[in-house]
Amino acid sequence: MRISQIPQSIRQLSTHVLAIVMGVLLTASCLQVLPSQAEPAPNNVVAQKPSPAVGAIGSSSFVTAAVNRVGSAVVRIDTEKTITRPVDPIMEDPFLRRFFGDAFPQQSPTEQLRGLGSGFILDKSGIILTNAHVVDQADKVTVRLKDGRTFKGKVKGIDEVTDLAVVKINAGDDLPVAPLGSSNHVQVGDWAIAVGNPLGFDNTVTLGIVSTLKRSSAQVGISDKRLDFIQTDAAINPGNSGGPLLNAQGEVIGINTAIRADAMGIGFAIPIDKAKAIAAQLQRDGKVIHPYLGVQMVTLTPQLARQNNSDPNSAIQLPEVNGVLVMRVVPNSPAATAGIRRGDVIVQIDNKPITAAEQLQGVVEDSRLGEILQVKVQRGNQTQVLSVRTAELKDIS
């Protein structure tokens, strides 16, 4: 039979069958050449190393380790203060009381104010470091440990100028102690961990970095303090005050102390090296002596002086120099006694150039009580050197 005589349907079926057979044969040959997916990789294939991020976000992070190291030494501080208010004589009028009877408003001469803050234990004897504004003028101080125990706290000393205070509790001699680091070793960009009781939420931890160093209290807007803060973006809220700021190793590098109501994500802490020196004085003497001159001042630059001098309504012409402009002299202060006047520009102290208000404040703070400082001032076109004897700052207000 000729091929042309075979029906077309049979020829099509044969073609399909042949295609299927060829496909099966090709698949079988491929399976013999390619290894199975279940087989182990050849020995010469290098396994990929795990990412470093895996270790950082593992089951236990460095934050957990840091908090575990110091957490039991962080305390909550509750305070009570009684305020006596003057009684309005009208409220005590017997005639009005008889006339109005029970509807007459009652006036209480006293009011109880409660406060909340944080702190941490410095040594096993029960010495606690916190902020001065947490315990200042408090009639009752209660310290609560993380394990739930509460103790009556006694304020051993307060220094309003640096906003630091020392509180003592009697709880035996086996208390947990917070390990202290060194703020001199802190760098911008280091991890910063804040621990405390913000808004009454006990044992709260927040994480950030060190945003900047040596942020002066004048820049922060706290003109009555003498501090250079550690600035951080770790969340610090009311109730955090007095609590520790930790580094990545769980060491205290600062005391959380200040927030700005108009800022988001900005907090400030007192460097621990400064706090350690103040705490030692507070334990020993109950107070800290701060020398002062008695001037209110601002930093002056040639540009600012030119702007002032070009104003036809300016009350005074300023020398176009770098220095510190005296805005006000406190009556009966060392500066007033020495003859410093409003409008003087301080350019040197003891032959050292002075170019910023914070610098002058630091020089005075580091001087000895009663030390005579040679202050060079420029008054108009004249230059004078005045001898100023430092005195004790007793009232920062």
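Everything that follows concerns the structure shown earlier in this document.
Please read these numbers as outputs of a predicted model, since none were measured by experiment.

Another aspect to go through is the environment of Asp233. Considering the arrangement of structural elements, one finds Asp233 in the loop between strand E10 (228-232) and strand E11 (244-246). Taking C-alpha positions, Asp233 is 9.7 Å from Thr212, a pair spaced 21 residues apart along the chain. Leaving out residues up to four positions away in the same chain, Asp233 has contacts with Gly208, Ile209, Ser211 and Gly265.

Further remarks concern the pairing of strand E7 (residues 164-168). Judged by how many residues are buried, E7 sits mostly within the fold: four of five residues are covered. Pairing between strand E3 (residues 127-130) and E7: four bridges, direction antiparallel. The residue of E7 that forms the bridge with Ile128 is Val167. Sheet topology note: the strand E6 (residues 154-159)/E7 ladder contains five bridges and is antiparallel. Counterpart to Lys154 in the pairing with E7 is Lys168. Counted along the chain from E6 to the antiparallel partner E7, the turn is four residues long, and its residue Asp163 has a positive phi close to 55 degrees.

Another aspect to go through is the side chain of Gln231. Summarising the element assignment, Gln231 is placed in strand E10. Taking relative accessible area as the criterion, Gln231 reaches 11% and is therefore assigned buried. Among the polar contacts listed, one links the side chain of Gln231 to the side chain of Arg215, at a separation of 2.9 Å. Not counting chain neighbours up to four residues away, the residues in contact with Gln231 comprise Ile209, Val210, Ser211, Thr212, Arg215, Ile266, Gly267 and Phe268.

Pairing of strand E17 (residues 345-349) with strand E19 (residues 372-379), which is carried by four bridges, proceeds in the antiparallel orientation. Residue Val345 lies in a different strand from E19, and its bridge partner there is Gln378. Where E19 hands over to strand E20 (residues 382-389), the hairpin turn is made up of two residues, of which Gly380 adopts a positive phi near 65 degrees.

Applying the stated criterion across every chain, the model contains two aromatic pairs. Where Phe62 meets Trp191, the ring centres are 5.1 Å apart and the plane angle is 45 degrees; that geometry is what we call tilted. Here Phe62, found in helix H3 (residues 62-70), pairs with Trp191, found in strand E8 (residues 191-196); they are 129 residues apart in sequence, far enough to count as distant. Residues Phe229 and Phe268 carry aromatic rings whose centres are separated by 5.7 Å and whose planes lie at 50 degrees to one another, so their mutual orientation is tilted. With Phe229 in strand E10 and Phe268 in strand E13 (residues 267-271), this residue pair connects regions lying 39 residues apart in the sequence. Phe268 matches Phe229 in its accessibility class, with the two residues each being buried.

Scoring rules and cut-offs
Residues numbered from 1 in each chain as written. Predicted model: local features only at pLDDT ≥ 70, side-chain atom pairs only at ≥ 80, totals over all residues. Heavy atoms only, no water. Helix = DSSP H or I, 4+ residues; strand = E, 2+ residues; numbered from the N terminus. Contact = heavy atoms within 4.5 Å. Buried < 20%, exposed > 50% of the residue type's maximum accessible area, 1.4 Å probe, protein only. Pairing = 2+ DSSP bridges. Polar contact = N/O pair within 3.5 Å; in protein donor to acceptor, adjacent residues only side chain to side chain. Phe/Tyr/Trp six-rings, centres within 6.5 Å; stacked < 30°, edge-to-face > 60°.

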